[in-house]
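# Report on the structure
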Amino acid sequence: MNWVVDGLPAAQIALDRKTQQTFYNIGFQLGLIGPDDKPYLHNHYDIHIMYHTEDDAKYRVVGVIVWPYSSQSVELEAGCNYAGRGIESMLHLNEEGDTAVVYTYNVQWISSPVAWGTRWDNYLYVFDPQIHWFSIVNSIVIVLMLTGMIATILLRALHKDIARYNTLGEEDGSQEDYGWKLVHADAFRSPPFPMMLSVLVGNGAQLLLMTGVTLVLAVLGFLSPSNRGALSTVVLVFYVCFAGVAGYVSARMYKMFQGEHYRRNVLLTAFALPGTFFGIFVVLNFFLISAGSSAAVPFGTMFALMCMWFLVSVPLCVVGAYFGFKQMSLENPCKVNQIPRQIPSQPLYLNPVVAAIIGGILAFGAIFIELYFIMNSIWFHRIYYVFGFLFLVFIILVITCSEVSVLMCYFHLCSEDYRWPWRAFATAGASGFYVFLYSIVYYARKLHIGNLSSTILYFGWSCALSVLFTILTGTVGYIATLFFVRKIFQSIKVD
């Protein structure tokens, strides 16, 4: 159960077995499983409210501790003192009929030396802080490994390729091309389903900016845990405000692909992804309502979200798309042939599925340790506040996705395979698939959910977040690869 007193959550005192330090574990148990494997309901609470004063005139609450007990009988004359009672006096609910339950509580006000400014220190306890540093080191090792490969394979080999191509072009214009220069007339061919790719990249740019700006504010200390709901509010506001970025990027991409259905592009960017996830949100919310959960979102809040979507997000998306289509189309460094070039047979490691598996696991490897703490904060109601670590991991994730996509794209081009746009998106975006697999492992090993509704809610939200993560990382990989491909073909002389 969760209570809030003067902005502070009620907690139980817990012991970290590794460090032997006590801390405030937010929330308290609704009941307990006795030695006889029967469930017993807590119906009495000893509430200890710690307060602090500087001048004996103003008193401020700096901590709330709850000691729950279970008792069959109410003893008001004894001061409701149930500590040390045996199992025979605990309250067991009748599974075949109704059980009358009387709830009681005691409140004790205890003076505390904890100052108001440090009242959250006992709540914000870091389990194994060294693991966070290990996460950073693990991510940095992956980035350094990829950077080394980029430096040795791309910079050296690519520099030699460009110099050789330009030298051959000056000496003998009839010299036959080879390597990635062979696909210069097909590298900028419009990919299959250009509408879908432009919409995904536009929405991914929106998610990328929303995540980056939110983490910057969190690192600067604007998202204090004392302000309940601040993080979710800021995420929602930034997502709505950056809808103009989604419209602009989607329009520029679609115009570069020489698409003709401009209105359809704007409508899909504004409604496809937000509408899909709003529908998932409504369906999952009905499960909460049917279960009588207090976490269910009321219809008034849902109506307010729809107003933000239609009155703010959609107009901003339309305005961004208008400016995007007004801009000049990105000129390709090389002309595109009318007849596509035949693609030779590819080695196994360049198979689209294999390449996505390799690229996705590298990107996932940069964040999987920090992902464990984030999931703990979501499903075990723990406060996550080490945003400095998370911001570093986010930067490393962006670098990893960019380098993996660029590296695999170079291998594809050298094998005369010019179908890089969707593969660049999938190579980095496959990390979302690993996030969903990790959520399945987390469900099996950490959670003990015994009803169908909770299971549907867990996997529903896990799937939704994994898809959003796929779109975000896929966008990073595509934009980095687009910049890389344009840069290398601008550096060579083509007839």
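Let us look at the structure shown here. (Residues numbered from 1 in each chain as written. Predicted model: local features only at pLDDT ≥ 70, side-chain atom pairs only at ≥ 80, totals over all residues. Heavy atoms only, no water.)

Our focus in this paragraph is the overall build of the chain. Looking only at helices and strands, the chain features 12 helices and nine strands. Considered along the principal axes of its C-alpha atoms, the chain spans approximately 105 × 55 × 45 Å. Within the chain, the proportion of its 495 residues that are buried is 44%. Long-range pairs, those at least 24 residues apart, make up 76% of the contacts in the chain between residues at least 6 apart in sequence. About 26500 Å² of surface is accessible on the chain, with carbon and sulfur atoms providing 64% of the total. Here the chain carries 28 positive and 30 negative side-chain charges, and the mean point of each set is 12 Å from the other. (Helix = DSSP H or I, 4+ residues; strand = E, 2+ residues; numbered from the N terminus. Buried < 20%, exposed > 50% of the residue type's maximum accessible area, 1.4 Å probe, protein only. Contact = heavy atoms within 4.5 Å. Areas by Shrake-Rupley, 256 points an atom, 1.4 Å probe, with all protein chains shown as cover. Lys, Arg positive; Asp, Glu negative; His and termini not counted. Charge placed at Lys NZ, Arg CZ, Asp CG, Glu CD.)

It is worth spelling out the nonpolar core at this point. Soluble globular proteins tend to bury their nonpolar side chains together. Counting 78 residues, the largest nonpolar core has I367, L413, W420, Y478, V485 and F489 as its most contacted members. The contact partners of V485, leaving out residues within four places of it in the chain, are A187, F188, C409, L413 and W420. In terms of nonpolar packing, the next biggest core, distinct from the first, is built from 18 residues, Y24, V61, V66 and Y123 among them. (Core = buried A, V, L, I, M, F, W, Y, C linked by side-chain atoms within 4.5 Å.)

Bringing empty space enclosed by the protein into the picture now. This structure, assessed with the given rule, holds one cavity of 30 Å³ or more. Space inside the largest cavity adds up to approximately 30 Å³. Of all the elements in the fold, those that place two or more residues in the lining of the largest cavity are helix 2 (194-219), helix 5 (262-290) and helix 6 (299-326). Looking at the lining of the largest cavity element by element, the count peaks at three residues for helix 5. The residue inventory of the lining of the largest cavity, partitioned by class, reads five nonpolar, four polar and no charged. (1 Å grid on protein atoms, 1.4 Å probe; cavity = no way out; pocket = protein on both sides within 12 Å on 5 of 7 lines; lining within 4 Å. Points joined across faces, edges and corners; volume = space filled by probe spheres on them. Nonpolar A, V, L, I, M, F, W, Y, C, P; charged D, E, K, R; others polar.)

The next subject is the state of the cysteines. Enumeration over the complete set of coordinates arrives at zero disulfides. In this structure C241 is not part of a disulfide, and its nearest cysteine sulfur, from C317, lies 13 Å away. Judged by its relative accessible area of 43%, C241 falls in the partly exposed class. C401 provides the cysteine sulfur closest to C463, a residue in no disulfide bond, and the two sulfurs are 19 Å apart. (Disulfide = S-S within 2.5 Å.)

Moving on, we get to the environment of S294. Mapped onto the secondary structure, S294 falls in the loop between helix 5 and helix 6. For S294, a relative accessible area of 80% translates into the label exposed. Separated by 12 residues in sequence, S294 and M306 have C-alpha atoms that sit 21 Å apart.

Counted by the stated rule, this structure contains 33 aromatic pairs. Where F278 meets W309, the ring centres are 5.8 Å apart and the plane angle is 45°; that geometry is what we call tilted. You can see F278 sitting in helix 5 and its partner W309 sitting in helix 6, a full 31 residues away along the chain. W309 shares its class with F278; the two are buried. The cationic tip of R60 hangs over the ring face of W116; the distance from NZ or CZ to the ring centre is 4.8 Å. (Phe/Tyr/Trp six-rings, centres within 6.5 Å; stacked < 30°, edge-to-face > 60°. Lys NZ or Arg CZ within 6 Å of the ring centre and 35° of its normal.)

Moving on, we come to the packing of helix 2 against helix 3 (residues 230-241). Where helix 2 contacts helix 3, the two axes come as close as 9 Å, and the packing angle between them is 140°. As far as their axial angle goes, helix 3 and helix 2 are oblique. In terms of crossing hand, the pair formed by helix 2 and helix 3 is right-handed. Residue-level inspection shows N203, Q206, L207, M210, V213, T214 and L217 of helix 2 in contact with helix 3, the latter providing L231, V234, V235, F238 and Y239. Of the residues that constitute the contact of helix 2 with helix 3, the class distribution is nine nonpolar, three polar and no charged. (Axes fitted to C-alpha atoms, helices over the stretch in contact; angles between N-to-C directions. Parallel < 35°, antiparallel > 145°, perpendicular 65-115°, else oblique. Left-handed = near helix turned anticlockwise from the far one by under 90°.)

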